[in-house]
Amino acid sequence: MNQAIIERDIIHQPNVPIKMRDGTKLYADIYRPNDQTDYPIIILRTPYNKEDAQTMNYAHPIWYAEQGYVVIVQDTRGRWSSEGEFHPLVHEGEDGYDTIEWAVTLPHTISKVGLYGFSYIGISQLLTAAEQPPHLTCIAPFMCGSNSLRVSENGAFPLALNLSWAIFIGQNEAVRKKDLQWLQQLATTNIQEYYPYLPLQNVPIVKNELVPFYQKWIRQMNERLPESPALYENISVPALHLGGWYDIYVDKTIENFQGIKEKSKNKLARENQYLFLTPWYHMPWSRYVGQIDFGKNAENHVDEILIKWFDRWLKDYPTRWKEESVRYFVTGENEWHVSKQWPLSKSEEKVLYLSSEDRANSINGTGKLTEEILQQSSEKDIYVYHPSIYVPAIGGRSGADPILTPMGAQNQQPIEIRNDVLVYTSEALPADLVVVGEVKATLYVSTNVDDTDFVIKLIDVYPDGRSINIAEGLLRASARNGIHQREPLIPNEIYPLEILAGSIAHRFKKGHAIRVNITSTLFPTFDRHGNRFLPLEEVTELTFKTATQTVYHSKLYPSSIQLTIKK
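What comes next is a walk through the structure.

Cut-off values and rules
Residues numbered from 1 in each chain as written. Predicted model: local features only at pLDDT ≥ 70, side-chain atom pairs only at ≥ 80, totals over all residues. Heavy atoms only, no water. Salt bridge = Lys/Arg side-chain N within 4 Å of Asp/Glu carboxyl O. Helix = DSSP H or I, 4+ residues; strand = E, 2+ residues; numbered from the N terminus. Buried < 20%, exposed > 50% of the residue type's maximum accessible area, 1.4 Å probe, protein only. Contact = heavy atoms within 4.5 Å. Phe/Tyr/Trp six-rings, centres within 6.5 Å; stacked < 30°, edge-to-face > 60°. Lys NZ or Arg CZ within 6 Å of the ring centre and 35° of its normal. Expected span 1.5 Å × (residues − 1). Pairing = 2+ DSSP bridges. Axes fitted to C-alpha atoms, helices over the stretch in contact; angles between N-to-C directions. Parallel < 35°, antiparallel > 145°, perpendicular 65-115°, else oblique. Nonpolar A, V, L, I, M, F, W, Y, C, P; charged D, E, K, R; others polar. Core = buried A, V, L, I, M, F, W, Y, C linked by side-chain atoms within 4.5 Å.

Before going further, it helps to spend a moment on the pattern of salt bridges. Pairing between side chains becomes possible if they bear opposite charge and their charged atoms approach one another. Summed over all chains, the structure comprises 33 salt bridges. Linking Arg21 and Glu94 is a salt bridge whose minimum nitrogen-to-oxygen distance equals 3.8 Å. Taken together, the residues span a long stretch of sequence, with Arg21 in the loop between strand E2 (10-19) and strand E3 (25-33) and Glu94 in helix H2 (residues 92-103) at a distance of 73 residues. Across the salt bridge formed by Arg476 and Asp453, the nearest N and O atoms sit 2.8 Å from each other. Placement of Arg476 in strand E20 (residues 467-476) and of Asp453 in strand E19 (residues 453-461) is noted, with a sequence separation of 23 residues between them. Of the two residues, Arg476 and Asp453, both sit in the buried class. When salt bridges with common partners are traced through the structure, they connect Arg287, Asp293, Lys296 and Glu299 into a single cluster.

Structure, rendered in structure tokens:
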């Protein structure tokens, strides 16, 4: 243990060893006010370097200590200064339990512990809470899934998130193994060059000795995961959940909130789940999300929110927390709203049908969105998809960093000029339309191959012509009945596909238009489909096929998008 340092009247004890139940030592930095008062404890357990403490989004631990807390930031097992081997999420529940119960033995502490952190660290909090440490009092899992790193059930591989994460994790693994050559390669990698590489499991920059889990993820893409309800049932503490409309984990975050609220065996936990839904992407958190400034109301104030949360539960100050169960940001109007539940109790479905007079290819086409099924001269639209000529994802919902992965609100016009993108646009709206809730599409489609992808995007078209993405969804056609029941398509047979685009809260303003784009790639957010019914690890450029995609829209095959409208 290094000598304590006093900074801004805060005592900082670096590299404090904490022994786990199997004898492995995990190291932590501890921050506390420089006095003899007893304080409650907040813990952040991170695989990303305790000295960083996720400060891209949160205030430094010194700031939290200044608010009257003992703050412990720990390197998780097998990462940075801690002993052991890193296996994603495997040890987080038990290690979190042991860390909490060790922390309350420290002098000048109150035996109440809160956890915070986002992404992987959020999942870790849920796993720890399910172990029911006696002194865990509350958690704040932001932007995360539940018991795995899987972000979608659509059958596709979240390439940008997974590959960027593997490269980042691999850098510290190279340091621990003293592999300078690989460290230099990883640190100087231009990830954009590796996104197209096939087969997925042989990407040269991903060394199996450093990140063996990456190949495992590819092999297990369609395997059944342990069910989340058992996890939710065992969580018995209040939780503050935070998601972002442009984050890849937004629907999983909502699922965590709903799951604990509905399934926890503990009344206190069921009655004290809170959900904040922001306009942000995975990181960093700010009013600027891609090309859109969501205004002063969208600024990052999570530190102040967290202190109120911890004051409520760790210091027994009930008046410090006066929030409704749900607080959600409505993009387009850029205002916060509150609700007692999610989804909202008062809403209705609005269905918009696809049609075209001739063809809907690109913004030069005649694709329309209407409230009635139109009798048009054309009852179908056709486009061609070849995986070597993919439509790139522009913005949207991914993870990691916007420099590395497609994220945020962006103008879609650069891809809407392509004929392999179908474009359907409503008339200019005569009044504002507020959509709050789930977005999904029903497409009647056929293709000449035995498997392929279909992508939908919901878009707000501004009067000046900008085409800003609001939501997106992808479905691998073979996973149409679930990723555990994959089956090939019969070529040229018509299938109804339900494509989920997740939840939103957005005001389409008077004079704007609603648009739906349809194509077959969201790359590199998800992997390119090779248009064959093959395992992911067998897809290469040699297995690519050209797919001719047909989207039908008629009274017999009424392709549509369904929006949840706030009453």
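Following the structure, the description resumes.
Let's shift gears to the side chain of Thr550. In this structure, Thr550 sits in strand E23 (residues 547-552). Residues contacting Thr550, with those up to four places away along its chain left out, are Lys380, Asp381, Ile382, Tyr444, Val445 and Ser446.

All right, on to the packing of aromatic side chains then. Two numbers describe a pair of aromatic rings. These are the distance of the centres and the angle of the planes. Overall, the coordinates contain 34 aromatic pairs when judged by the stated rule. Between Tyr48 and Phe168, the ring centres sit 5.7 Å apart and the planes meet at 50°, which makes this aromatic pair tilted. You can see Tyr48 sitting in the loop between strand E4 (39-46) and helix H1 (61-66) and its partner Phe168 sitting in helix H4 (residues 159-176), a full 120 residues away along the chain. The exposure class of Tyr48 is buried, given its relative accessible area of 15%. Aromatic pair Tyr274 and Trp321: ring centres 5.6 Å apart, planes at 85°, arrangement edge-to-face. Here Tyr274 is found in strand E9 (residues 273-278), whereas its partner Trp321 is found in the loop between helix H10 (302-314) and strand E12 (326-330), with 47 residues between them in sequence. With respect to class, Tyr274 is no different from Trp321; both count as buried. Put simply, the rings of Tyr58, Trp63, Tyr64, Tyr69, Tyr116, Phe118, Phe142, Trp280, Trp285 and Phe310 touch in pairs and so form one group of aromatic residues. The cationic tip of Arg466 hangs over the ring face of Tyr462; the distance from NZ or CZ to the ring centre is 4.3 Å. Its end group placed over the ring of Phe523, Arg528 keeps NZ or CZ at 5.1 Å from the ring centre.

Here we come to the side chain of Thr425. In this fold, Thr425 is placed in strand E17 (residues 422-425). The class of Thr425 is buried, set by a relative accessible area of 18%. With near-sequence residues (within four places) excluded, Thr425 lies in contact with Gly367, Lys368, Leu369, Val461, Ala513, Ile514 and Arg515.

Relative to the 18 Å expected for 13 residues at 1.5 Å per residue, H10 spans 17 Å between its end C-alpha atoms, a close match to the ideal helical length. Within H10, burial applies to Val302, Asp303, Leu306, Ile307, Trp309, Phe310, Asp311, Trp313 and Leu314. Backbone geometry just after H10 places Asp316 at a positive phi near 60°.

Looking now at the sheet that holds strand E8 (residues 239-244). Here we have 11 strands laid out as an open sheet, ordered E1-E2-E3-E5-E4-E6-E7-E8-E9-E12-E13, and mixed in their pairing. Bordering the open sheet on either side are strand E1 (5-7) and strand E13 (335-339), each of which pairs with just one other strand. Direction aside, neighbouring strands of the sheet carry axes that sit 20° apart on average. Both E4 and strand E5 (residues 70-75) contribute to a ladder of six bridges, which runs parallel.

A few words on the environment of Ile110. Tracing the sequence through the fold places Ile110 in strand E6 (residues 109-118). Relative accessible area serves as the criterion here: at 33%, Ile110 is assigned to the partly exposed category. Each C-alpha atom of the pair Ile110 and Lys315 lies 9.0 Å from the other, and the pair is 205 residues apart in sequence. Not counting residues up to four positions away in its chain, the partners in contact with Ile110 are Asp38, Tyr39, Pro40 and Ile41.

Let us now look at unusual backbone geometry. Cis geometry marks the peptide bond from Trp342 to Pro343; its omega dihedral reads 0°. On the secondary structure map, Pro343 appears in the loop between E13 and strand E14 (347-356). Here the bond from Phe523 into Pro524 is cis, since omega is 10°, no more than 30 degrees from zero. As for its position among the elements, Pro524 is in the loop between strand E22 (513-519) and E23. Non-glycine residue Ala400 carries a positive phi angle of around 65°. Counting through the fold element by element, Ala400 comes out in the loop between strand E16 (380-385) and helix H11 (413-416). A positive phi is found at Asn492, a non-glycine position, where the angle reads about 70°. Turning to its location among the elements, Asn492 is positioned in the loop between E20 and strand E21 (495-508).

Helix H3 (residues 120-130) packs onto H2 with a crossing angle of 75° between their chain directions and a minimal axis gap of 8 Å. Between H2 and H3, the interaxial angle falls into the category roughly perpendicular. Contact residues: Glu92, Gly93, Gly96, Tyr97 and Ile100 in H2; Tyr120, Ser124, Leu127 and Thr128 in H3. When the residues that make up the contact of H2 with H3 are grouped by side-chain class, the tally is four nonpolar, four polar and one charged.

Tyr116, Phe142, Leu163, Tyr328, Trp342, Leu458 and Ile518 are the most contacted members of the largest nonpolar core, which totals 162 residues. Sequence-distant contacts of Ile518, that is, excluding residues within four places in its chain, are made with Leu354, Tyr383, Asp420, Val421, Leu422, Tyr424, Leu443, Val455, Ile456 and Val551. By size, the runner-up hydrophobic cluster in this structure holds six residues, among which are Ala156, Val455, Leu522 and Phe526.

A separate point is H4. Taking 1.5 Å per residue, 18 residues should reach 26 Å; H4 reaches 26 Å between its end C-alpha atoms and fits that length. The buried count for H4 comes to 14 of 18 residues, which makes it a mostly enclosed element. Looking one or two places after H4, you find Lys178, whose phi comes out positive at around 55°.

Another aspect to go through is the pairing of strand E24 (residues 560-566). For E24, the buried fraction is high: six of the seven residues fall into the buried class. Here E14 runs beside E24; their pairing, made up of seven bridges, is antiparallel. Looking at the pairing, Glu348 lines up with Ile565 of E24. In the sheet, strand E18 (residues 433-447) pairs with E24 via five bridges, with the strands oriented antiparallel. Across the sheet, the residue bridging to Val435 is Ile565, located in E24.

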